[in-house]
Structure formats: structure tokens, C-alpha cells
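Listed below, chain by chain, are the residues.
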Amino acid sequence: MDTRNIQKKDFLSAVLGFALVYAFLVYLNAIFPTQSDDLGKKIEGIQRAIRSYMTWNGRIGELMLVTFGSYFATLPLYSVVNAFVGAAVITLLFVNIFARLPKNDMKDMACFSVLFAFIMFDPIFAFGSVFYWAAGSFNYLWAWFFILLCITPVRLYWHNQNFLKSASFAILVLGIPVGVAAGWSSEFGIVLILAWGASIVYAKTKGIKLPLWYYTTFAAFVIGWLILYVCPGARLRARYFKNYCSLIDLLKLGPVKLTEKIFKTYDIFNKNLYYELFFLVSLFLLLSAVLYKPSLKKFEKSMLAIFVMLYCMQSLSK
């Protein structure tokens, strides 16, 4: 009975934390003025989405924006829905790092607050451009939502393989549309495809029997990513960026030039972000280490999870 009470308190605390973040984001979305690009927009339908896919941007968020998103951004309901997506992203980020909801204690609340503060105040993330500007929200915030929603069952499965058995059918059914949307959301999805595929290989070598939804959601994610990758509009858009390289272009470079390209790209990335991200991530890791006092092995896993999730969000902001 005591355990149930504790679990109930933890769940209520997580709901309260979500509600506070949600209320704050509703306020920000509500006071943010409608952008001139969205004023006077109407629902344009599937033809507008096809034109965008063929000539400019094939991400599902952009297609949602041009078909109904710009019009939706002029309605009061937009603030309510977009804030919910934002609060869900922050909560799902915590869940994917720690494999659970925030608990009813100061340690979790501190980590949750620091994580939210990092997202909110870091200039590289461009909080306003992502969390309440319609074009940024549909292209990036909703992409984070779809991707985090898609990989959360995978994260929870590897934390406890028996945890999701009762929900296997629901995940199987919902994982297909969510997986397609997630793969369709960002070109960066190729990294998740490689990691997901590697986890399947690992499971096979260790004799772990993966549930059916693990494969169907993965297949749906790959299909969504391929829809985005073959988008003609992306190739036309790439002409405006002189340093753009497709996967085929990279393969044609050869080992020497490819190595030079990697180091050149890393050097640009390093100059822009290294000191800021190093300092902020180090503070977050230090807080986690002090509060949770994990073993070295657990600390390494936590550090890797936090770094990967923050790096993914950073990359999706591009």
C-alpha cells in the first residue's frame, strides 16, 4: 500500500510538472504575435503540400505548415495545442534520459528544471523560434515530438524488457503511423536508423527475442525517412547551399577527401558551439552526478544518454 501511495504521488508530481510547463508555454504562445507570413492564410490542401515536396521542403512538419499550419497559427487553439506538444517534448526528453517520469523529490525536480532552463536559455536552440513560432514549431518542435514519441518504447524496452508487455498491441498499432511521421520529420533520422538497426543486430547476437512492434516501428521509421530522402525539393533546395553534400556525394569523395570534409565540418561546429555546450552540459552532468551518486558504470551510461539526447535536439534544430 505504501508503495502504491509513493507511485501515485510520483505520478501526480509528474503531472503537476507537466502542467506547470504547459501553462507557461501556453502563455508564451498566446502573447507571441501572429507572424506576417501566416496572416491571411487559408487551408490550402494536398496540392500545396505536393508542390512544397517537389520544389522546396519535404519534411512532414513543413507539409503540415503549408497545408493548414499557417492558418492554424492564427487561431487561439494553436497556443493550446502547440504548448502541449512543447511540454510533451520536454517530458519525453526526461523519460528517454532516465527511463521514467520525474519523481516527487528535489533531485528530479532540479534535473528537470535545469534541463528546461538549458533548452530555454541556450541561444543555439533558439527557444522562441522552435517553441512558439509556427514555422519553427512545425518543422522542429513537432519533429522532436514525433521522434521522441517513437523511440520512447524502445528506450523503456531496453530498460525493462517486461515493462511494456501489456501494451504491446497498442504500440504495434500506433507505432506504424508514429514511426512514419518520425522518420519523415528530419534528415537526421539516419542516425537513429543506424542505432536502431545496431540494437537489432545486438539482440540477435545475444539471443534476445524482440517484440513484433520493435520491427514494425523500425520499418515504419525507415519508410518515413526514405520518403523524405528521395524528396525532389530537397535537391533543388540544396543548390542554395554551396557546402551541401548528399550521401552519394560523400561516398564519391574517397577516404582522404572524406576525412578532410569530416574534420573541416567538425572544426566549424567546434568553433561555434564547443565552449558553450561543454560548460552547460558539464554543469548538467555534475548536477546529475551529485544528486544521484551513481556507480561509475551507471554514470557513464547516464552521461552518454544525456549527451546523445541534447546532441540530437541540437542537430534537429538545424
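If you're wondering where the values come from, they're calculated on a predicted model, not measured in any experiment. (Residues numbered from 1 in each chain as written. Predicted model: local features only at pLDDT ≥ 70, side-chain atom pairs only at ≥ 80, totals over all residues. Heavy atoms only, no water.)

**Q** I tried to follow the overall build of the protein chain on my own but got confused; where do I start?
**A** Across its full length, the protein chain holds 13 helices and zero strands. Starting at the N terminus and ending at the C terminus, the protein chain contains elements arranged as α-α-α-α-α-α-α-α-α-α-α-α-α. Taking all 318 residues of the protein chain together, the buried fraction comes to 42%. Long-range contacts, defined as pairs at least 24 residues apart, comprise 77% of the intrachain contacts of the protein chain with a sequence gap of at least 6. Within the structure as shown, the protein chain displays about 18,200 Å² of accessible surface, and the carbon and sulfur contribution to it stands at 70%. (Helix = DSSP H or I, 4+ residues; strand = E, 2+ residues; numbered from the N terminus. Buried < 20%, exposed > 50% of the residue type's maximum accessible area, 1.4 Å probe, protein only. Contact = heavy atoms within 4.5 Å. Areas by Shrake-Rupley, 256 points an atom, 1.4 Å probe, with all protein chains shown as cover.)

**Q** It is not clear to me how helix α7 (residues 134-159) should be interpreted in this structure. Could you clarify?
**A** Think of an α-helix as 3.6 residues a turn; residues three or four steps apart then line up on the same face. With 26 residues, α7 should cover 38 Å at 1.5 Å per step; its first-to-last C-alpha distance of 35 Å lies within 8% of that length. In the structure, α7 departs most strongly from a straight axis at isoleucine 151, where the bend amounts to approximately 30° and where the proline proline 153 lies between one and four residues downstream. Counting buried residues in α7 gives 21 out of 26 residues, a clear majority hidden from the surface. (Expected span 1.5 Å × (residues − 1). Bend = angle between axes of the 7 residues up to and from the residue.)

**Q** Would you mind showing me how to read the packing of helix α4 (residues 77-98) against helix α5 (residues 106-121) here?
**A** Helix packing for two helices is described by the angle between their axes and how far apart those axes are. One way to put it is that α4 packs onto α5 with a least axis distance of 11 Å and a crossing angle of 125°. Judged by the inter-axis angle, α4 sits oblique to α5. Helix-helix and strand crossings are classified by hand; for α4 and α5 the assignment is right-handed. Note on element contacts: α5 touches α4 through Asp108, Cys111, Phe112, Leu115, Phe116 and Ile119, opposite Ile90, Thr91, Leu93, Phe94 and Ile97. Counted by class, the contact of α4 with α5 contains nine nonpolar, one polar and one charged residues. (Axes fitted to C-alpha atoms, helices over the stretch in contact; angles between N-to-C directions. Parallel < 35°, antiparallel > 145°, perpendicular 65-115°, else oblique. Left-handed = near helix turned anticlockwise from the far one by under 90°. Nonpolar A, V, L, I, M, F, W, Y, C, P; charged D, E, K, R; others polar.)

**Q** Help me out: how do you make sense of the confidence of the model for the protein chain in this one?
**A** Where the model shows low pLDDT, its predicted coordinates should not be examined in detail. Looking at the protein chain, pLDDT values average 80 and 75% of them are 70 or higher. When mean pLDDT is taken per element in the protein chain, helix α10 (residues 212-229) scores highest with 95 and helix α13 (residues 296-316) scores lowest with 57. (pLDDT = per-residue confidence, 0-100.)

**Q** Teacher, can you tell me more about the packing of aromatic side chains here?
**A** The geometry of an aromatic ring pair is captured by two quantities: the separation of the ring centres and the angle between the planes. In total, this model carries 26 aromatic pairs according to the counting rule given. Here phenylalanine 138 and tryptophan 142 contribute two aromatic rings whose centre-to-centre distance is 5.1 Å and whose plane-to-plane angle is 20°, an arrangement assigned as stacked. Pair noted here: phenylalanine 138 and tryptophan 142 are both in helix α7, with a separation of four residues, about one helical turn. Residues phenylalanine 138 and tryptophan 142 agree in their burial class; the two are buried. (Phe/Tyr/Trp six-rings, centres within 6.5 Å; stacked < 30°, edge-to-face > 60°.)

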